[in-house]
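# Structural overview
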Amino acid sequence: MKQIPTQQLWADTVAISCLSAVLEGIRFQTTLGQLQLNVYALCIGPSGLANKTVPLKNIAIPVLRQAERVANWKILLPQRFS
């Protein structure tokens, strides 16, 4: 948030999505039973809104690619953004 002027909700969503991808197998007990982290985020807006691509390309995707190497399993990520 200090380096990229974006909305706090979007920054939180990107962080939670990253965690859900790398914490496979973690489950939370709820009144409905166990829930696995499987958060997917979709931000829709005009080009330039909230600086969406910069944190995804420079933070989220490199973190997830490194997690792939460490965990030795493939994480499904979008090939491009539009």
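Reading the values: the criteria
- Counting from 1, residues in each chain are numbered in the order their sequence is written.
- Reporting in this predicted model follows two pLDDT cut-offs: at least 70 for local features of residues, and 80 or more for side-chain atom pairs to be given and counted; totals over whole chains, interfaces and linings ignore these cut-offs and use all residues.
- Only hydrogens and water are removed before side-chain values are computed, so all heavy atoms of the structure are retained for them.
- Think of it this way: any DSSP run of H or I at least four residues long counts as a helix, any run of E at least two long counts as a strand, and we number them from the N terminus.
- In this scheme, a residue with accessible area under 20% of its type's maximum is buried, one over 50% is exposed, and one in between is partly exposed, where area comes from a 1.4 Å probe on protein chains only.
- Note on contacts: a residue pair qualifies if any of its non-hydrogen atoms lie within 4.5 Å across the two residues.
- Where accessible areas are quoted, they stem from the Shrake-Rupley method and a 1.4 Å probe; at the residue level, only the protein chains shown are allowed to cover.
- One bridge is not enough; two strands pair if DSSP finds at least two bridges between them.
- By definition, a salt bridge exists where a carboxyl oxygen of Asp or Glu is found within 4 Å of a side-chain nitrogen of Lys or Arg.
- Working rule for helices: expected span equals 1.5 Å times residues minus one.
- Regarding the arc, it is the one traced by the directions from the helix axis to the C-beta atoms.

Secondary structure assignment for the protein yields two helices and two strands. Put simply, the protein runs from its N terminus to its C terminus through helices and strands in the order α-β-β-α. Burial statistics for the protein: of 82 residues in total, 24% are counted as buried. For the protein, the proportion of contacts with a sequence separation of at least 24, taken over those separated by at least 6, is 46%. Accessible surface, the protein: about 6,600 Å² in total, of which carbon and sulfur atoms supply 59%.

Where strand 1 (residues 27-30) and strand 2 (residues 33-36) come together, four bridges link them in antiparallel fashion. Bridging from a neighbouring strand, Arg-27 pairs with Gln-36 of strand 2.

Counted according to the given criterion, the structure contains two salt bridges. The salt bridge partner of Glu-68 is Arg-65, with a shortest N-O separation of 2.9 Å. Of the two residues, Glu-68 and Arg-65 both sit in helix 2 (residues 53-71), three residues apart, roughly one turn of that helix. Assessed through its relative accessible area of 24%, Arg-65 is described here as partly exposed. Residue Glu-68 pairs with Lys-74 through a salt bridge whose shortest N-O separation is 3.7 Å.

Take helix 1 (residues 8-22) next. Taking 1.5 Å of rise per residue, the 15 residues of helix 1 would be expected to cover 21 Å, and the 22 Å separating its terminal C-alpha atoms lies within 8% of that figure. The complete set of buried residues in helix 1 reads Trp-10, Val-14, Ser-17, Cys-18, Ser-20 and Ala-21. When helix 1 is viewed along its axis, its buried side chains cluster within an angular range of 165° and face the same direction. Against helix 2 lie the buried residues of helix 1.

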